Amino acid sequence: SQKIEQNSEALNIQEGKTATLTCNYTNYSPAYLQWYRQDPGRGPVFLLLIRENEKEKRKERLKVTFDTTLKQSLFHITASQPADSATYLCALESGGSYIPTFGRGTSLIVHP
Amino acid sequence: EAQVTQNPRYLITVTGKKLTVTCSQNMNHEYMSWYRQDPGLGLRQIYYSMNVEVTDKGDVPEGYKVSRKEKRNFPLILESPSPNQTSLYFCASSRAQAYNEQFFGPGTRLTVL
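From a predicted model like this one, the values you see are computed outputs, not experimental measurements. (Residues numbered from 1 in each chain as written. Chains lettered and ligands numbered in written order. Predicted model: local features only at pLDDT ≥ 70, side-chain atom pairs only at ≥ 80, totals over all residues. Heavy atoms only, no water.)

Caption draft 1: Main features of the overall build of chain B. If you tally the helices and strands in chain B, you get 0 helices and 11 strands. Listing every helix and strand of chain B by position from the N terminus yields β-β-β-β-β-β-β-β-β-β-β. Projected onto the principal axes, the alpha-carbon positions of chain B cover approximately 35 × 30 × 25 Å. Burial analysis of chain B (113 residues in total) assigns 50% to the buried set. Taking as baseline every contact in chain B between residues at least 6 positions apart, the subset at least 24 positions apart corresponds to 54%. Carbon and sulfur atoms make up 50% of the accessible area of chain B, which totals about 5,300 Å². (Helix = DSSP H or I, 4+ residues; strand = E, 2+ residues; numbered from the N terminus. Buried < 20%, exposed > 50% of the residue type's maximum accessible area, 1.4 Å probe, protein only. Contact = heavy atoms within 4.5 Å. Areas by Shrake-Rupley, 256 points an atom, 1.4 Å probe, with all protein chains shown as cover.)

Caption draft 2: Summary view of the sheet that holds strand β1 (residues 4-7) of chain B. Residues and elements named next belong to chain B. Spatially, 4 strands are ordered β1-β3-β8-β7 in an open sheet, and the strand pairing comes out antiparallel. A strand with exactly one partner marks an edge of an open sheet, and here the two such strands are β1 and β7 (65-66). Inspection of the sheet shows strand β3 (residues 19-25) paired to strand β8 (residues 76-78) by 3 bridges, in the antiparallel sense. Looking at β8, one finds that Leu19 is bridged to Leu78. (Pairing = 2+ DSSP bridges.)

Caption draft 3: Focus on the sheet that holds strand β7 (residues 62-67) of chain A. All names here are of chain A. Reading across the sheet, the 5 strands line up as β1-β3-β8-β7-β6 and stay open at both edges, with antiparallel pairing between neighbours. If you trace the sheet from one side to the other, it starts and ends with β1 (3-6) and β6 (56-59), each paired once. Averaged over neighbouring strand pairs, the angle between their axes works out to 15° when direction is ignored. Here strand β3 (residues 19-26) pairs with strand β8 (residues 72-77) via 6 bridges, running antiparallel. By the bridge assignment, Leu21 is partnered in β8 with Phe75. (Axes fitted to C-alpha atoms, helices over the stretch in contact; angles between N-to-C directions.)

Caption draft 4: Main features of the packing of aromatic side chains. Per the counting criterion, the structure on display carries 12 aromatic pairs over all chains. In textbook terms, an aromatic cluster arises when at least three aromatic residues are bridged by ring pairs, as seen for A:Tyr36, A:Phe46, A:Phe102, B:Tyr35, B:Phe90 and B:Phe104. (Phe/Tyr/Trp six-rings, centres within 6.5 Å; stacked < 30°, edge-to-face > 60°.)

Written out as structure tokens, the structure reads:
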């Protein structure tokens, strides 16, 4: 069956370090993958999208990689700040399904 | 301000009492969808709409109805709510389809007693 896996354990890091979050998937041929940020009690906010034919995407302190061979996406936040503390969700969709599937998210806690 | 609005934000109701959660977007987006979010299960899509009068089932449509009579509105209807529909609900919209960035509403926390 199709599955998306994100680390269920919270990631604790020190301010200024690089946070790396993982999104693994099985039995998908995703056309693209998205990353969202969600704060407690609020709706997810879109961060980055990467397509199947792209290896890497950057936006300010954020970087996403997409390895379709490993079936994995890595999400990096460089020079992390306490304000980056949130839950980060990955979502993917097989081309044409119109139904994105979200991972359960990984909580990131950045300590000052 | 570009946004997706939902009402009500909080609702406590009883089993079997029909309710509607409204969703409206002001970005002229074609694609709209409803999700529910439950602890340990993540976001799951209930229904989506590609455009006016075009709706289709997502992953968990049982017990829900939707309609898309106008481009900006996409209400979620629970004809006979049950306790297993207690959840946090999000409406989202995007240009064209889910392929694009989705804008989420603030959420509606529903409790069915």
